[in-house]
Amino acid sequence: MNTTPQPLQAPSVPESGPLTQDQLKTLVGQAALQYVVRGELVGVGTGSTVNKFIDALATIKDQIKGAVSSSVASTERLLALGIPVFDSNEVERLAVYIDGADEIDGSGNMVKGGGAALTREKIVAAQSDKFVCIADESKLVQTLGKFPLPVEVIPMACGRIIRQFAALGGQGTIRLKDGQPLVTDNGQYLIDVTGLQIADPRAFEAEVSQWPGVVTVGVFAFQRAQVCLLGTSSGVKTLNF
Ligand code: 5RP
């Protein structure tokens, strides 16, 4: 993931051939500006697509109060571009939250957490009136479960939670970084679970969320998207849910 703030550039369309995934991300990041309520704070997610949005947001930074951020990485990028960042506890409601997804289905349910920020993402999404998902078309799926499901957990509960997923047909592994368990911004571990078909995202999220030791499950059904700006080869498609 590119973490260095870049000056905003319009995506250059190649003379022939489809837009690259990076160009699609730039397109949807820029398109999301139309949902930012001028004069207010905006909720900001995490990831390579959101980085494009943050770069675009910097071009209208004088028209907003600032942002509530969902990760240390996004906070650093926002501040580097001169966008004030507010603690979520200082803010009651946000009009809009802009974030990417690892998967999104036709009803706006998502899998998130590929960038390890799912817990803070769910917190900021929960205090926002509208979730606008920005994604390239590779993220659109019929049924959630193709992307390994991230679950943030208390370290001492990892073994049992992996066994609980095995009983559902899933294979869980602790996410590593440099050979060691990755530690999230909240000081916890992540389990990535493959082999699941999440036919009923709401019921799945409700069940897994109450397993002891689960901090956050990466299914976003209760905090699903109301809008998805999908980058496609023929431009940005708006899906309303
Ligand atoms: C981070 C997330 C991201 O939104 C998700 O991983 C998509 O990232 P990218 O835009 O880099 O594909 O949930 O925790």
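Residues numbered from 1 in each chain as written. Predicted model: local features only at pLDDT ≥ 70, side-chain atom pairs only at ≥ 80, totals over all residues. Heavy atoms only, no water.

**Student:** Describe the site of the ligand, listing the residues and the values that go with them.
**Tutor:** For the ligand, the set of nearby residues contains 17 residues, the closest of which are Ser48, Thr49, Asp102, Gly113 and Lys139. Between alanine 116 and the ligand, the recorded distance is 3.5 Å, taken from a backbone N or O atom to an oxygen atom. Expressed as a share of its isolated accessible area of 380 Å², the protein-covered part of the ligand is 92%. Classifying every residue of the shell around the ligand gives 3 nonpolar, 8 polar and 6 charged. (Near = heavy atom within 4 Å. Polar contact = N/O pair within 3.5 Å; in protein donor to acceptor, adjacent residues only side chain to side chain. Areas by Shrake-Rupley, 256 points an atom, 1.4 Å probe, with all protein chains shown as cover. Nonpolar A, V, L, I, M, F, W, Y, C, P; charged D, E, K, R; others polar.)

**Student:** Summarise the packing of helix α1 (residues 21-31) against helix α2 (residues 48-57); cite the residues concerned and give the values.
**Tutor:** Between α1 and α2, the least distance of the axes is 8 Å, while the angle of their chain directions is 50°. In terms of their interaxial angle, α1 and α2 are classed as oblique. Of the two elements, α1 crosses α2, and the hand of that crossing is right-handed. Contacts between α1 and α2 pair Asp22, Lys25, Thr26, Val28, Gly29 and Gln30 from the former with Ser48, Thr49, Lys52, Phe53 and Ala56 from the latter. (Axes fitted to C-alpha atoms, helices over the stretch in contact; angles between N-to-C directions. Helix = DSSP H or I, 4+ residues; strand = E, 2+ residues; numbered from the N terminus. Parallel < 35°, antiparallel > 145°, perpendicular 65-115°, else oblique. Left-handed = near helix turned anticlockwise from the far one by under 90°. Contact = heavy atoms within 4.5 Å.)

**Student:** With reference to specific residues and values, describe the side chain of glutamate 205.
**Tutor:** With respect to the secondary-structure elements, glutamate 205 resides in helix α6 (residues 201-209). Apart from residues no more than four positions distant in its own chain, glutamate 205 is found in contact with Lys122, Val217, Val219, Phe220, Ala221, Phe222 and Gln223.

**Student:** Lay out the sheet that holds strand β13 (residues 214-217) with the relevant residues and their values.
**Tutor:** With respect to topology, 4 strands assemble into an open sheet ordered β9-β12-β8-β13, the strand pairing being antiparallel. A strand with exactly one partner marks an edge of an open sheet, and here the two such strands are β9 (171-174) and β13. Mean inter-strand twist for the sheet, computed between neighbouring axes without regard to direction, equals 25°. Bridge analysis of β9 against strand β12 (residues 189-194) gives 4 bridges, and the strand direction is antiparallel. (Pairing = 2+ DSSP bridges.)

**Student:** Any chance you could break down helix α3 (residues 72-80) for me, citing the residues and the numbers?
**Tutor:** Residues Ser74, Arg77 and Leu78 constitute the buried set of α3. One side of α3 carries all its buried residues, which in axial view fall inside an arc of 100°. Opposite the buried face of α3, at more than 90 degrees from it, the exposed residues are Glu76 and Ala80. One or two residues past the end of α3 sits glycine 82, with phi positive at roughly 80°. (Buried < 20%, exposed > 50% of the residue type's maximum accessible area, 1.4 Å probe, protein only. Arc of directions from axis to C-beta.)

**Student:** Lay out the domain arrangement of the protein with the relevant residues and their values.
**Tutor:** When its domains are assigned, the protein resolves into domain 1 (21-141 + 222-240) and domain 2 (149-217). Computed over C-alpha atoms only, the centres of domain 1 and domain 2 are separated by 24 Å. With 16 residues of domain 1 at the interface, the matching set in domain 2 holds 17 residues. Buried surface at the junction of domain 1 and domain 2, summed over both partners, amounts to about 1300 Å²; 55% is from carbon and sulfur atoms. A salt bridge links glutamate 205 to lysine 122, with the nearest nitrogen and oxygen atoms 2.6 Å apart. Taken together, the links from domain 1 to domain 2 amount to 10 residue pairs in polar contact (both at pLDDT 80 or more). In terms of residue class, the side of domain 1 that touches domain 2 is made up of 5 nonpolar, 7 polar and 4 charged. (Domains from an automatic or database assignment. Buried area = accessible area lost by both parts, 1.4 Å probe. Salt bridge = Lys/Arg side-chain N within 4 Å of Asp/Glu carboxyl O.)

**Student:** Lay out the pattern of salt bridges with the relevant residues and their values.
**Tutor:** All told, the structure shown has 7 salt bridges when counted by the stated rule. The partner of lysine 112 in a salt bridge is glutamate 121, and the shortest N-O contact between them spans 3.1 Å. For the pair lysine 112 and glutamate 121, a shared accessibility class is recorded, and that class is buried. Among the ionic pairs, aspartate 192 bridges to arginine 175, the shortest N-O distance being 2.9 Å. Residue aspartate 192 is located in strand β12, and its partner arginine 175 is located in the loop between β9 and β10 (176-177); the two are separated by 17 residues in the primary sequence. The exposure class of aspartate 192 is buried, given its relative accessible area of 14%. Taken together, the salt bridges that share partners define one network made up of Asp99, Lys112 and Glu121.

**Student:** Please give an account of the sheet that holds strand β15 (residues 227-232) that cites residues and values.
**Tutor:** By definition, the strands of a sheet pair up through backbone hydrogen bonds, in either a parallel or an antiparallel sense. The strand order across the open sheet formed by 7 strands is β3-β2-β1-β4-β7-β15-β16, and the pairing between neighbours is mixed. The open sheet is flanked by β3 (85-86) and β16 (235-240), the only strands paired with a single partner. Bridge count for strand β4 (residues 94-99) against strand β7 (residues 128-136) is 5 bridges, and the pairing is parallel. Across the sheet, the residue bridging to leucine 94 is serine 128, located in β7.

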